[in-house]
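Given next are the chains, with one letter for each unit.
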Amino acid sequence: AKLAVGGVVGCVNAVTSEFNRRSNRAIAIVRPPGHHATHDEAMGFCYFNNVAVAAKHATTTGRAKRVFILDWDIHHGNGIQDLTYDDPDIFYLSIHRASFSKNTRDWFYPGTGKPSEIGKGDGA
């Protein structure tokens, strides 16, 4: 998990270094994926939120002014949403299977990602 999060930060550095840019493209194919991990909880086999860490690294170090995250997975990335919900510099879009009521047979993990969840404060 530590190597995975280090790999995504390494990708950000590789494509944004002002003095030592090695490429203008990078991809990190890592496991565990990380999109369920929140600030203080590992969830859904995710220990660190690789994508959110990379996005925050890019914006807080000045390597990027804004970041767009497209999460295309059958499960909603509740951890990415949690970590970026009020961040005006990170736009998060999740394409996932939606099911929100645990009382129905079609409930689907993690049960988050409603259309009304559009950010908060400056992140909305």
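Above this text you will find the structure in question.
All values derive from a computational prediction rather than experimental measurement.

(A) Structural context of the overall build of the chain. Scanning the chain from terminus to terminus reveals three helices and two strands. The secondary structure elements of the chain, listed N-terminal to C-terminal, are α-α-β-α-β. Taken along the three principal axes of its C-alpha coordinates, the chain extends 55 × 30 × 25 Å. Per-residue burial over the chain gives 35% buried out of 124 residues. The long-range fraction of contacts in the chain, counting pairs at least 24 apart against all pairs at least 6 apart in sequence, stands at 50%. Treating the 14 positive side-chain charges of the chain as one cloud and the 12 negative ones as another, the clouds have centres 7 Å apart.

(B) Focus on a nonpolar patch on the surface. A surface patch of nonpolar side chains, about 700 Å² in accessible area, is lined by Phe 68, Leu 70, Trp 72, Phe 91, Leu 93 and Ile 95. Mapped by element, the contributors of at least two residues to the nonpolar patch are strand 1 (67-72) and strand 2 (90-95). Here Phe 68 shows up in strand 1.

(C) Seen up close, the pattern of salt bridges. Overall, the coordinates contain one salt bridge when judged by the stated rule. In this structure, Lys 56 and Asp 87 form a salt bridge, with 2.9 Å as the shortest nitrogen-oxygen distance. Taken as a pair, Lys 56 in helix 2 (residues 50-60) and Asp 87 in the loop between helix 3 (78-84) and strand 2 lie far apart in primary sequence, 31 residues in all. Given a relative accessible area of 27%, Lys 56 falls into the partly exposed group. Asp 87 sits in the buried class, given a relative accessible area of 11%.

(D) Representation of the pairing of strand 1. Alternating positions in strand 1 separate cleanly, Val 67, Ile 69 and Asp 71 being buried on one face and Phe 68, Leu 70 and Trp 72 remaining unburied on the opposite face. As paired elements, strand 1 and strand 2 share six bridges and run parallel to each other. Looking across to strand 2, one finds that Leu 70 is bridged to Leu 93.

(E) Structural view of the pairing of strand 2. Side-chain alternation along strand 2 places Ile 90, Tyr 92 and Ser 94 on a buried face and Phe 91, Leu 93 and Ile 95 on a face that remains uncovered. Read as a crossover between parallel neighbours, the route from strand 1 over helix 3 to strand 2 is right-handed.

(F) Representation of the packing of helix 1 (residues 2-16) against helix 2 within the structure. It is the contact of helix 1 with helix 2, at a shortest axis distance of 9 Å, that shows an interaxial angle of 35°. Both helix 1 and helix 2 take part in a crossing whose hand is right-handed. Contacts between helix 1 and helix 2 involve Ala 4, Val 5, Val 8, Val 9, Val 12 and Asn 13 from the former and Asn 50, Val 53, Ala 54, His 57 and Ala 58 from the latter. The residue makeup of the contact of helix 1 with helix 2, split by class, is eight nonpolar, three polar and no charged.

(G) The nonpolar core, seen in detail. Counting 11 residues, the largest nonpolar core is built from Val 5, Val 8, Val 12, Ala 54, Ala 55, Ala 58, Val 67, Ile 69, Ile 80, Ile 90 and Tyr 92. Elements represented by at least two residues in this core include exactly helix 1, helix 2, strand 1 and strand 2.

(H) Layout of helix 1. With 15 residues, helix 1 extends 21 Å between its outermost C-alpha atoms, agreeing within 8% with the 21 Å of an ideal straight helix rising 1.5 Å per residue. Looking at helix 1, one finds that the buried residues are Ala 4, Val 5, Val 8, Val 9, Cys 11, Val 12 and Ala 14.

Reading the values: the criteria
Residues numbered from 1 in each chain as written. Predicted model: local features only at pLDDT ≥ 70, side-chain atom pairs only at ≥ 80, totals over all residues. Heavy atoms only, no water. Helix = DSSP H or I, 4+ residues; strand = E, 2+ residues; numbered from the N terminus. Buried < 20%, exposed > 50% of the residue type's maximum accessible area, 1.4 Å probe, protein only. Contact = heavy atoms within 4.5 Å. Lys, Arg positive; Asp, Glu negative; His and termini not counted. Charge placed at Lys NZ, Arg CZ, Asp CG, Glu CD. Patch = residues over 30% accessible without salt bridge, like charges linked within 9 Å, V, L, I, M, F, W, Y side chains within 5 Å. Areas by Shrake-Rupley, 256 points an atom, 1.4 Å probe, with all protein chains shown as cover. Salt bridge = Lys/Arg side-chain N within 4 Å of Asp/Glu carboxyl O. Pairing = 2+ DSSP bridges. Right-handed = clockwise from strand over helix to strand, strands pointing away. Axes fitted to C-alpha atoms, helices over the stretch in contact; angles between N-to-C directions. Left-handed = near helix turned anticlockwise from the far one by under 90°. Nonpolar A, V, L, I, M, F, W, Y, C, P; charged D, E, K, R; others polar. Core = buried A, V, L, I, M, F, W, Y, C linked by side-chain atoms within 4.5 Å. Expected span 1.5 Å × (residues − 1).

These values are about where atoms sit, not about what they do.
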